[in-house]
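Here is how the chains run, residue by residue.
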Amino acid sequence: MKIPLEITSEAAALSPLNWQQFKKTVKETLHQELPGLEAHLELAPQFRIPQMMELNIPDRARKSSVLILLFPENNAVKTVVIVRQNDEGVHSGQVALPGGRQEPQDLDHWHTALREAYEEIGVEPGTVEKAGELSPLYINRSNYLVYPFVGFLDKKPPFIPQHTEVKELLVFDLFQTVSFPNRVIREIKINETTRFQAPGYLIQNAFFMWGATAMIFNELMRLIGN
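Residues numbered from 1 in each chain as written. Predicted model: local features only at pLDDT ≥ 70, side-chain atom pairs only at ≥ 80, totals over all residues. Heavy atoms only, no water.

**With respect to the overall build of the protein**
Each helix and strand in the protein was counted, giving six helices and eleven strands. Whereas a compact globule of 226 residues would reach a radius of gyration of roughly 17 Å, the protein reaches 17 Å, a difference of no more than 12%. In terms of overall dimensions, the protein has a C-alpha envelope of 50 × 40 × 35 Å along the principal axes. A buried classification covers 52% of the 226 residues belonging to the protein. Considering only contacts in the protein between residues 6 or more positions apart, those separated by 24 or more positions represent 66%. As displayed, the protein offers around 11400 Å² of accessible surface, 51% of which is attributable to carbon and sulfur atoms. Positive and negative side-chain charges in the protein, numbering 22 and 27 respectively, have mean positions lying 2 Å apart. (Helix = DSSP H or I, 4+ residues; strand = E, 2+ residues; numbered from the N terminus. Rg over C-alpha atoms; globule rule 2.2 N^0.38 Å. Buried < 20%, exposed > 50% of the residue type's maximum accessible area, 1.4 Å probe, protein only. Contact = heavy atoms within 4.5 Å. Areas by Shrake-Rupley, 256 points an atom, 1.4 Å probe, with all protein chains shown as cover. Lys, Arg positive; Asp, Glu negative; His and termini not counted. Charge placed at Lys NZ, Arg CZ, Asp CG, Glu CD.)

Below, the structure is given as structure tokens:
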């Protein structure tokens, strides 16, 4: 199913009426067959592709959830990502979606996504409307099996970043930023001996979003970007 012309890639004016239509269409689309691996591979670094094609997810993989939040602002569909603090973690300093590992008290993967979004960027769980779920994605470097969700907010919330984990918070126009013409390739340096090329997106012309986060956004845009 394709989104009606008035709300496609130029992010044309969003009245309250067509914002509701946008939400309805996205919900319907997310409940159809997902492109999954095919979409993930398009934004995968070259060395990751053989590993991903094997579809070998260990039983010991740790479960986590992330949340793509969509909301209307200034006649566009906006979303938000974070820049993680520079620490000793595998994903230190990277652009990421709000999210984290599943805790014993979480009722399900959706609850994990809501809790983590509240803890990291201060979004109240009761304000988020569930749109649907994207395909799970295994990240071998950190051994996480990630469950991505899409949620709606009817207006931009007062974000409150948790500064122990969040270095910066980036809000951007979904259709203007995460689109095929805006893909770029950058060199990623993990350490002095490990470097590779990775496809991704420039956020605000300053921050490079690659890896799992770019793959997850690519699946969403494969579904709604046309």
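From this point on, the discussion continues.
**Here's the deal with helix 6 (residues 211-224)**
The terminal C-alpha atoms of helix 6 lie 20 Å apart, and with 14 residues this matches the ideal 20 Å at 1.5 Å per residue to within 8%. Burial analysis of helix 6 places 13 of its 14 residues in the buried class, which makes it a mostly covered element. (Expected span 1.5 Å × (residues − 1).)

**Comments concerning the sheet that holds strand 11 (residues 207-210)**
The sheet built from three strands is open, its strands ordered 9-10-11 with antiparallel pairing. Every interior strand has two partners, whereas the edge strands, strand 9 (183-189) and strand 11, have only one. Between one strand axis and the next, the sheet turns through 55° on average, direction left out of account. Note: strand 10 (residues 195-203) against strand 11, four bridges, orientation antiparallel. Across the sheet, the residue bridging to Tyr-201 is Met-209, located in strand 11. Most of the contacts of helix 6 go to strand 11, to which it runs at about 70°, and overall it touches strand 9, strand 10 and strand 11. (Pairing = 2+ DSSP bridges. Axes fitted to C-alpha atoms, helices over the stretch in contact; angles between N-to-C directions.)

**So, the environment of Thr-25**
Inspection of the secondary structure puts Thr-25 in helix 1 (residues 16-30). Along the sequence, Thr-25 and Val-166 sit 141 residues apart, while their C-alpha atoms lie 32 Å from each other.

**Overview of the pairing of strand 10**
Here strand 9 pairs with strand 10 via seven bridges, running antiparallel. Looking at strand 10, one finds that Glu-187 is bridged to Gln-197. Counted between consecutive antiparallel strands, the loop separating strand 10 from strand 11 contains three residues, among which Gln-204 sits at a positive phi close to 55°.

**Concerning the packing of aromatic side chains**
By the definition in use, this model includes nine aromatic pairs. Ring centres of Phe-196 and Trp-210 lie 5.6 Å apart, and the angle between their planes is 65°; this geometry places the pair in the edge-to-face category. With Phe-196 in strand 10 and Trp-210 in strand 11, this pair connects stretches of sequence that are 14 residues apart. Residue Phe-196 shares its accessibility class with Trp-210, and that shared class is buried. (Phe/Tyr/Trp six-rings, centres within 6.5 Å; stacked < 30°, edge-to-face > 60°.)

**Focus on the pattern of salt bridges**
Per the stated rule, a full pass over the model turns up 15 salt bridges. Note that Asp-154 is salt-bridged to Lys-23, the shortest N-O span being 2.9 Å. With Asp-154 in the loop between strand 7 (144-152) and strand 8 (166-173) and Lys-23 in helix 1, the pair connects residues that are 131 residues apart, well separated along the chain. With a closest N to O distance of 2.8 Å, Arg-115 and Asp-106 form a salt bridge. Note on Asp-106: relative accessible area 8%, which makes it buried. One network of salt bridges, in which partners are shared, links Lys-23, Lys-27, Glu-129 and Asp-154. (Salt bridge = Lys/Arg side-chain N within 4 Å of Asp/Glu carboxyl O.)

**Here's the deal with the confidence of the model for the protein**
Close inspection of predicted coordinates is inappropriate for parts of the model with low pLDDT. Per-residue pLDDT for the protein averages 90, and the proportion of residues at 70 or more is 91%. Low pLDDT, under 50, characterises residues 1-12; the stretch is placed with 29 contacts to residues that sit more than four places away or in other chains. (pLDDT = per-residue confidence, 0-100.)

**Some points on the environment of Tyr-138**
Within the element layout of this structure, Tyr-138 appears in strand 6 (residues 137-139). For the pair Tyr-138 and Arg-62, spaced 76 residues apart in sequence, the C-alpha separation works out to 9.4 Å. For Tyr-138, the contacting residues outside a window of four places in its chain are Arg-48, Asn-56, Ile-57, Pro-58, Ala-61, Asn-143, Tyr-144 and Leu-145. At 2.7 Å, the side chain of Tyr-138 forms a polar contact with the side chain of Asn-143. (Polar contact = N/O pair within 3.5 Å; in protein donor to acceptor, adjacent residues only side chain to side chain.)

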